[in-house]
Amino acid sequence: EDADRRVFSIDKIIEVTHCTDIGQLETKVLTQAEEILRVLIGKQKKYSEAVFLIMQYMEERYADSITLDELANHVHMNRSYISHLFCPTGRNINPYLLELRMEKAKILLKNSNHNIQDICCQIGIPDSAYFSKVFKKYAGMTPIEFRRISNENWCVFLFQKTTKYKLYKSAK
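Please read these numbers as outputs of a predicted model, since none were measured by experiment. (Residues numbered from 1 in each chain as written. Predicted model: local features only at pLDDT ≥ 70, side-chain atom pairs only at ≥ 80, totals over all residues. Heavy atoms only, no water.)

Quick look at the side chain of arginine 147
Working step 1: With respect to the element layout, arginine 147 can be found in helix α10 (residues 143-171).
Working step 2: Although arginine 147 is buried, it makes no salt bridge; aspartate 118 carries the closest opposite charge, 8.7 Å away.
Working step 3: Polar side-chain contacts of arginine 147 include one of 3.1 Å to the backbone oxygen of leucine 109.
Working step 4: Beyond its immediate chain neighbours, meaning those up to four positions away, arginine 147 contacts Leu108, Leu109, Ser112, Asn113, His114 and Ile119. (Helix = DSSP H or I, 4+ residues; strand = E, 2+ residues; numbered from the N terminus. Buried < 20%, exposed > 50% of the residue type's maximum accessible area, 1.4 Å probe, protein only. Lys, Arg positive; Asp, Glu negative; His and termini not counted. Salt bridge = Lys/Arg side-chain N within 4 Å of Asp/Glu carboxyl O. Polar contact = N/O pair within 3.5 Å; in protein donor to acceptor, adjacent residues only side chain to side chain. Contact = heavy atoms within 4.5 Å.)

As for the packing of helix α5 (residues 68-75) against helix α6 (residues 79-86)
Working step 1: Contact geometry of α5 with α6 gives a least axis separation of 9 Å together with a crossing angle of 85°. Overall, the two elements α5 and α6 adopt an arrangement that is roughly perpendicular. Residues Leu68, Asp69, Leu71, Ala72 and Val75 of α5 lie in contact with α6, whose contacting residues are Arg79, Ile82 and Ser83. (Axes fitted to C-alpha atoms, helices over the stretch in contact; angles between N-to-C directions. Parallel < 35°, antiparallel > 145°, perpendicular 65-115°, else oblique.)

Some details on helix α4 (residues 49-61)
Working step 1: With 13 residues, α4 ought to run about 18 Å at 1.5 Å a step, and its terminal C-alpha atoms sit 18 Å apart, in line with that.
Working step 2: When we look at burial in α4, the residues that qualify are Ala50, Val51, Ile54, Met55, Tyr57 and Met58. All buried residues of α4 fall inside an arc of 160° around its axis, so they share one side. In α4, those exposed residues whose orientation departs by more than 90 degrees from the buried face are Glu49 and Glu60.
Working step 3: Buried-residue contacts for α4 involve α5, α6 and α7 (93-111). (Expected span 1.5 Å × (residues − 1). Arc of directions from axis to C-beta.)

Brief notes about the pattern of salt bridges
Working step 1: Enumeration over the complete set of coordinates arrives at four salt bridges.
Working step 2: Glutamate 60 is paired through a salt bridge with arginine 61; the nearest N and O atoms lie 3.3 Å apart.
Working step 3: Across the pair glutamate 103 and lysine 106 runs a salt bridge whose closest N-O atoms are separated by 3.6 Å. In this pair, glutamate 103 and lysine 106 are both assigned in helix α7, three residues apart and thus about one turn of the helix distant.

Things to note about the environment of serine 65
Working step 1: Structurally, serine 65 can be placed in the loop between α4 and α5.
Working step 2: A relative accessible area of 63% places serine 65 in the exposed class.
Working step 3: Spatially, the C-alpha atoms of serine 65 and isoleucine 123 are 9.7 Å apart, while their sequence positions differ by 58 residues.
Working step 4: Non-local contacts of serine 65, meaning those with residues more than four positions away in its chain, are made with Glu70 and Arg101.

Structure representation (structure tokens):
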């Protein structure tokens, strides 16, 4: 933990305030982000190869109906044994798959104009009422609210970036 404190030291954060131009700021922030990522990656839990294969299988086929038997067959193991193996991830298999689908739904809601029913089908949940209920529980808002807020925040972000860029350009 002492090594972690050195990486996350307040002095390194304060260095950012001494940057004189955008290039220097970008370099400092990226360097600090890389250092933080190295520490976090080193702390990641290492899962068994079977758990990794199960996660990979779900990532590739989240839009399909995936059963525990199908996952067990994929890794050539007993279904109750793979449930036991999956425990170190901190979640059971079904909640993990549901969370994966919700993350994919968030991406689709932000980055596409597909209607909710189409998004449901794309992530493997054909019942839009169930999807909306689960999404609200997962994200704290309905899919429509999430899309609206995401689009508004993106527009504000674009406006701020454009304005700052123009101000920076005119200062030279």
